[in-house]
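Observations on chain architecture
What follows is each chain in one-letter form.
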Amino acid sequence: MAAPSMKERQACWGARDEYWKCLDENTEDASQCKKLRSSFESSCPQQWIKYFDKRRDYLKFKEKFEAGQFQPSKTPAKS
Amino acid sequence: MLLLVWTPKAWHRLSPLKPPALLWTPGGEALHVRYRLMSRQGPGEASRQSQPQGPGFRTRLLITALFGAGLGGAWLAARAEKEQRRQQQRTEALRQAAVGQGDFSLLDHRGQARCKADFRGHWVLMYFGFTHCPDICPDELEKLVQVVQKLEAEPGLPPVQPIFITVDPERDTVAAMARYVQDFHPRLLGLTGSAEQVAQVSRSYRVYYSAGPKDDDQDYIVDHSIAIYLLSPDGLFTDYYGRAKSAQQIADSVRCHMAAFRSVLR
């Protein structure tokens, strides 16, 4: 399978950005964005979809972390 | 006999001066001789005893200062010589590294064999990635190309050679590389090779890479360290730039290196 060309990459990124914008507007409710999701899935290779989903999770986690939603535990954890 | 009588007296007079030390210094001998003469006049010149015993404070200070200056000068000369020797050793080590280290044997995207010596005399910006990369490699290559373009726009600067080396030799054939690099810059050179050749060049440049699990399409993502490497015209690793550096920052840094560059190769 040949690698995506520049045009195909940009199409994929565009679809991804649309999908992510929808998720932002609907507070991560994927059921509201089904159409964009299928458009995203048809524009990008499967591996990239998995990769972008993980990236989305990471970016959301980073936002929460930077907003201070995770408190360090008071007692030192024994591992 | 008389001399023996005189000598203790003279010795006694001179003892506060520590004569052996005095004799070492240029003025010391003259002083010693002067006081010998004075002591020979001894008994008839008792009034002389009220004269100050040693050379004046200023004279002693001057002698010490001259001696100190001599020592200081010798120390500075030795230090300069050591520094020069250290520089020569460093230059020699760099010369050996320029020839031996970081060498590679790869195919460019036109199918031509290339090694590091081919780029001698040129500044090189090198990036390791793979063509199936979702976003990072295209972004970094775009940034690299922007750096090259910024520097191209400045008159008087030598052209920089952008190079893209694959960490996915299995899929990134010469044809795949040719398709990929054309989207970025006409001078962007893609390099690929056998698995061993890619492993060797990655080792030389301390690049980590690891192919991930394959999915149903036999597609996979290669995890790899992300950096743009700058090589000097001597072929020596000069600097590297991570994701956080902007194209402008990289261009500024390359410009600095260009200004400071002195070749170690003949």
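Each value, and the rule that gives it
- Along each chain, residues carry numbers from 1 onward, in the same order as the chain's sequence is written.
- Chains and ligands are labelled by the order in which they are written, letters from A for the one and numbers from 1 for the other.
- The predicted nature of this model means local features are confined to residues of pLDDT at least 70 and side-chain atom pairs, given and counted, to a pLDDT of 80 or more, with totals for whole chains, interfaces and linings taken over all residues.
- Calculation of side-chain values draws on the structure's entire complement of heavy atoms; hydrogens and water are dropped beforehand.
- Two strands make a pair as long as DSSP finds a minimum of two bridges between them.
- Strands are runs of DSSP state E lasting at least two residues, helices are runs of H or I lasting at least four, and both sets are numbered from the N terminus onward.
- Working convention: axes come from line fits to C-alpha atoms, limited for helices to the stretch in contact. Angles between N-to-C directions cover 0 to 180 degrees.
- Note on contacts: a residue pair is in contact if any heavy atoms of the two residues lie within 4.5 Å.
- When two cysteine sulfur atoms lie within 2.5 Å, the pair is treated as a disulfide.
- A 1.4 Å probe rolled over the protein chains alone gives each residue an accessible area, and that area as a share of the maximum for its type sets the label: buried under 20%, exposed over 50%, partly exposed in between.
- Pairs of N or O atoms are called polar contacts if they sit within 3.5 Å, as long as, within protein, a hydrogen donor faces a hydrogen acceptor (for residues adjacent in sequence, only side-chain-to-side-chain pairs).
- To count toward a patch, a residue needs a relative accessible area over 30% and no salt bridge; like charges are then connected within 9 Å, while nonpolar side chains (Val, Leu, Ile, Met, Phe, Trp, Tyr) are connected within 5 Å.
- Accessible surface area values rest on a Shrake-Rupley calculation with a 1.4 Å probe, where residue burial reflects the displayed protein chains alone.
- By convention in these notes, a salt bridge is any Lys or Arg side-chain nitrogen within 4 Å of a carboxyl oxygen on Asp or Glu.
- The term buried area refers to how much accessible surface (probe radius 1.4 Å) is lost by two components on association, counted for both of them together.
- When residue character is reported, Ala, Val, Leu, Ile, Met, Phe, Trp, Tyr, Cys and Pro are called nonpolar, Asp, Glu, Lys and Arg charged, and the others, Gly included, polar.
- For a crossover, the right-handed case is the one in which the path from the first strand over the helix to the second runs clockwise, viewed with the strands pointing away from the viewer.
- Site definitions follow a grid-based scheme: protein atoms alone, a 1 Å grid, a 1.4 Å probe that fits but cannot get out for cavities, and for pockets an open set with protein on both sides within 12 Å along at least five of seven lines, plus lining residues having an atom within 4 Å of a point.
- Grid points are joined across faces, edges and corners, and a volume is the space filled by probe spheres set on the points.
- All domain edges in this entry derive from an automatic or database-based domain assignment.

Things to note about the sheet that holds strand β2 (residues 113-115) of chain B
All names here are of chain B.
- The seven strands lie next to each other as β2-β1-β5-β4-β3-β8-β9, forming an open sheet whose pairing is mixed. Of all strands in the sheet, those bounded by a partner on one side alone are β2 and β9 (237-241). Strand-to-strand twist of the sheet, defined as the mean angle between neighbouring strand axes without regard to direction, takes the value 35°.
- Contacting β1 (105-108), β4 (160-166) and β5 (189-192), helix α6 (residues 174-181) runs over the sheet at an angle of about 155° to β5.
- On top of the sheet, helix α7 (residues 195-204) reaches β1, β3 (123-129) and β4; it is set at about 110° to β1, its chief contact.

Quick word on the state of the cysteines
Residues and elements named next belong to chain A.
- By the definition in use, this model includes two disulfides over all chains.
- Bridging Cys12 to Cys44, the disulfide has an S-S length of 1.9 Å. Where Cys12 bonds to Cys44 through sulfur, the torsion about that S-S bond is close to 105°, and the disulfide is right-handed. Pair noted here: Cys12 is in helix α1 (residues 6-25) and Cys44 is in the loop between α2 (34-43) and α3 (46-66), with a separation of 32 residues, a long-range link.

Concerning the side chain of His224 of chain B
Residues and elements named next belong to chain B.
- Mapped onto the secondary structure, His224 falls in strand β7 (residues 222-224).
- Overall, His224 belongs to the buried group, its relative accessible area being 9%.
- A distance of 3.5 Å separates the side chain of His224 from the backbone oxygen of Phe128, its partner in a polar contact.
- Look past the residues within four positions of His224 in its chain and what remains in contact with it is Tyr127, Phe128, Gly129, Phe130, Cys137, Val167, Tyr208 and Tyr209.

Here's the deal with a nonpolar patch on the surface
Residue and element names in this part refer to chain A.
- A surface patch of nonpolar side chains, about 430 Å² in accessible area, is lined by Tyr58, Phe61, Phe65 and Phe70.
- Structurally, Phe61 can be placed in helix α3.
- Overall, Phe61 belongs to the partly exposed group, its relative accessible area being 43%.

Examining the interface of chain A and chain B
- At the interface, 16 residues of chain A touch 20 residues of chain B.
- A combined buried area of about 1,500 Å² lies between chain A and chain B, and 52% of that area is made up of carbon and sulfur atoms.
- Taken together, chain A and chain B are joined by six residue pairs in polar contact (both at pLDDT 80 or more).
- For the side of chain A that touches chain B, the secondary structure elements donating two or more residues are α1 and α3 of chain A.
- Counting residues per element, the side of chain A that touches chain B draws most heavily on α3 of chain A, which supplies seven residues.
- Looking at the side of chain A that touches chain B residue by residue, the class counts come to nine nonpolar, three polar and four charged.

Quick notes on the pattern of salt bridges
All names here are of chain B.
- Counted according to the given criterion, the structure contains 19 salt bridges over all chains.
- Across the pair Lys214 and Glu170 runs a salt bridge whose closest N-O atoms are separated by 3.4 Å. Placement of the pair is Lys214 in the loop between β6 (209-211) and β7 and Glu170 in the loop between β4 and α6, with a sequence separation of 44 residues.
- What makes Lys214 partly exposed here is its relative accessible area of 49%.

A word on the pairing of β4 of chain B
Residue and element names in this part refer to chain B.
- A large share of β4 lies buried, amounting to seven of its seven residues.
- The alternating pattern of β4 places Val160, Pro162, Phe164 and Thr166 on one face and Gln161, Ile163 and Ile165 on the opposite face, and all of these are buried.
- Of the pairings in the sheet, the one linking β3 to β4 comprises seven bridges and is parallel in character. Bridge pairing in β4 links Phe128 to Ile165.
- For the handedness criterion, the β-α-β arrangement of β3, helix α5 (residues 136-152) and β4 is classed as right-handed.
- Examined bridge by bridge, β4 and β5 share three bridges and lie parallel to one another. Paired with Ile165 across the strands is Leu191, a residue of β5.
- Following the chain from β4 across α6 to the adjacent parallel β5, one finds a crossover that is right-handed.

Some words on the layout of surface pockets
- Approximately 440 Å³ is the volume found for the largest pocket.
- Forming the boundary of the largest pocket are 19 residues, of which Tyr51 and Lys54 of chain A together with Ile221, Val222 and Asp223 of chain B lie nearest the centre.
- With six residues, α3 of chain A is the largest single contributor of residues to the lining of the largest pocket.
- For the lining of the largest pocket, the residue count by class is eleven nonpolar, four polar and four charged.

Re the domain arrangement of chain B
Residues and elements named next belong to chain B.
- According to the domain assignment, chain B consists of domain 1 (66-97) and domain 2 (105-265).
- Each of domain 1 and domain 2 was reduced to a C-alpha centroid, and the two centroids are 39 Å apart.
- Across the boundary between the two partners, domain 1 contributes four residues, which contact four residues of domain 2.
- Contact with domain 2 buries surface across domain 1, with Leu94, Arg95 and Ala97 losing the most and accounting together for 87% of the total.
- Linking domain 1 with domain 2 are zero salt bridges.
- Of the residues in the side of domain 1 that touches domain 2, the class split is two nonpolar, one polar and one charged.

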